[in-house]
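Structural characterization, general
Residue strings, one per chain:
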Amino acid sequence: ETMLRLEGLRKAYNKGKPGEVTVLRGATISVARGEVVALVAPSGAGKSTLLHIAGLLDTADEGVVEIGGEDMAGLSDRARTEARRADVGFIYQFHHLLPEFSALENIVLPQLANGVPRAAAAARAGELLERVGIAARAGHRPAALSGGEQQRVAFCRAMANGPRLLLADEPTGNLDPGTSDQVFGVLMDLVRETGLSALIATHNLELAARMDRVVRLEAGRVV
Ligand code: ADP
Ligand code: ADP
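Description of the structure in this document.

About the criteria used
Within each chain, residues carry numbers counting from 1 in the order of the written sequence. A letter from A marks each chain and a number from 1 marks each ligand, given out in the order of writing. Since the coordinates come from a predicted model, pLDDT governs what is reported: local features require at least 70, and pairs of side-chain atoms require 80 or more to be given and counted, while whole-chain, interface and lining totals use all residues. Excluding hydrogens and water, the side-chain figures rest on all heavy atoms present in the structure. Only rings of Phe, Tyr and Trp enter the pairing, Trp through its six-membered ring, and a pair is recorded when the two centres are within 6.5 Å. The plane angle decides the type: under 30 degrees is stacked, over 60 is edge-to-face, the rest tilted. Accessible area is worked out with a 1.4 Å probe on protein chains only. A residue is then buried under 20% of its type maximum, exposed over 50%, and partly exposed in between. Two strands make a pair as long as DSSP finds a minimum of two bridges between them. Counting from the N terminus, the helices are the DSSP runs of H or I reaching at least four residues and the strands are the DSSP runs of E reaching at least two. Inter-axis angles, ranging from 0 to 180 degrees, are taken between N-to-C directions of lines fitted to C-alpha atoms, where helices are fitted over the stretch in contact. Angle categories are assigned with fixed cut-offs, so that under 35 degrees is roughly parallel, over 145 is roughly antiparallel, 65 to 115 is roughly perpendicular, and the rest are oblique. Left-handed describes a crossing in which the near helix is turned anticlockwise from the far one by less than a right angle; the clockwise case is right-handed. We call two residues contacting when some pair of their heavy atoms lies within 4.5 Å.

The next point concerns the packing of aromatic side chains. With the rule as written, the count across this model stands at one aromatic pair. Each ring, one from Phe 90 and one from Tyr 92, has its centre 4.8 Å from the other, and the planes form 35 degrees; the classification is tilted. Classification of Phe 90 as buried rests on a relative accessible area of 11%.

Rendered as structure tokens:
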């Protein structure tokens, strides 16, 4: 069963203008249910663009995006936003946590946006923090946390609404090698426990080798 299907994606920026740049030229990837796929690409190859399209944060000029067998192109803007909130968890290289909120609140907020009552959202946030080993840090703001702790909170936030698909763009790329290794282990445990399907971009070939399959993006195509 296919959880994510990207077929023939094409994408250009600044179309018809002097700065036009074609980034994706027919990229095709699929991720099966429960499968964890590494996306390896040289810088500038279009990895972030591809992840944003898969995560419904951007649209392709051409091609198919299906999540759980459902064609996302046909959805209204409102339905896309709802699908993104409910079905997709996104993790960035830099945590992008809201600085004025605690770790716990950062995990509660996407659940409130998804219609979960506050008490249930807080309970789930607490459980997630426990699972990644930083329950004691729940009340701290992001600035008071280490880089590894910040990324663990970002993992919990991505998992908050119980997504079917996890997309990660260099999720440990901002950490020193030792911390990166450890925090990546935490992420993989969380993904495996949940049986989640994931597409994880990384430059680190050792981390890529710990996933089920590696795909390479070159010149806008998967090779
Ligand atoms: P990667 O994540 O593989 O480094 P990106 O998808 O971020 O690649 O970018 C691919 C190419 O598209 C780069 O040349 C980048 O400069 C260009 N690009 C990305 N976003 C935009 C944008 N919003 N407008 C114009 N060019 C962009
Ligand atoms: P908006 O649509 O107004 O941008 P959302 O309700 O989608 O806001 O998101 C609320 C907060 O949760 C934001 O801080 C956003 O960054 C975060 N968030 C939303 N969806 C996800 C996701 N799938 N993975 C990680 N964080 C998310």
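Anyway, onward from the coordinates.
Before going further, it helps to spend a moment on the pairing of strand E9 (residues 213-218). Remark: a regular strand shows side chains that alternate across the two faces of the sheet. Across four bridges, the pairing between strand E3 (residues 36-40) and E9 is parallel. Across the sheet, Val 37 pairs through a bridge with Arg 213, a residue of E9. Strand direction decides the pairing type here: E9 and strand E10 (residues 221-222), joined by two bridges, are antiparallel. From the neighbouring strand, Glu 218 faces E10, where its bridge partner is Arg 221. Hairpin geometry of E9 and E10 is characterised by an intervening segment of two residues between the two adjacent antiparallel strands and by a positive phi of about 50 degrees at Ala 219.

Attention shifts here to the packing of helix H3 (residues 103-113) against helix H4 (residues 118-131). Contact geometry for H3 and H4: axes closest at 8 Å, N-to-C directions at 135 degrees. One element, H3, and the other, H4, form an angle in the oblique class. For the pair H3 and H4, the sense of crossing is right-handed. Contacts between H3 and H4 involve Leu 104, Glu 105, Ile 107, Val 108, Gln 111 and Leu 112 from the first element and Arg 118, Ala 120, Ala 121, Ala 122, Arg 124, Ala 125, Gly 126, Leu 128 and Leu 129 from the second.

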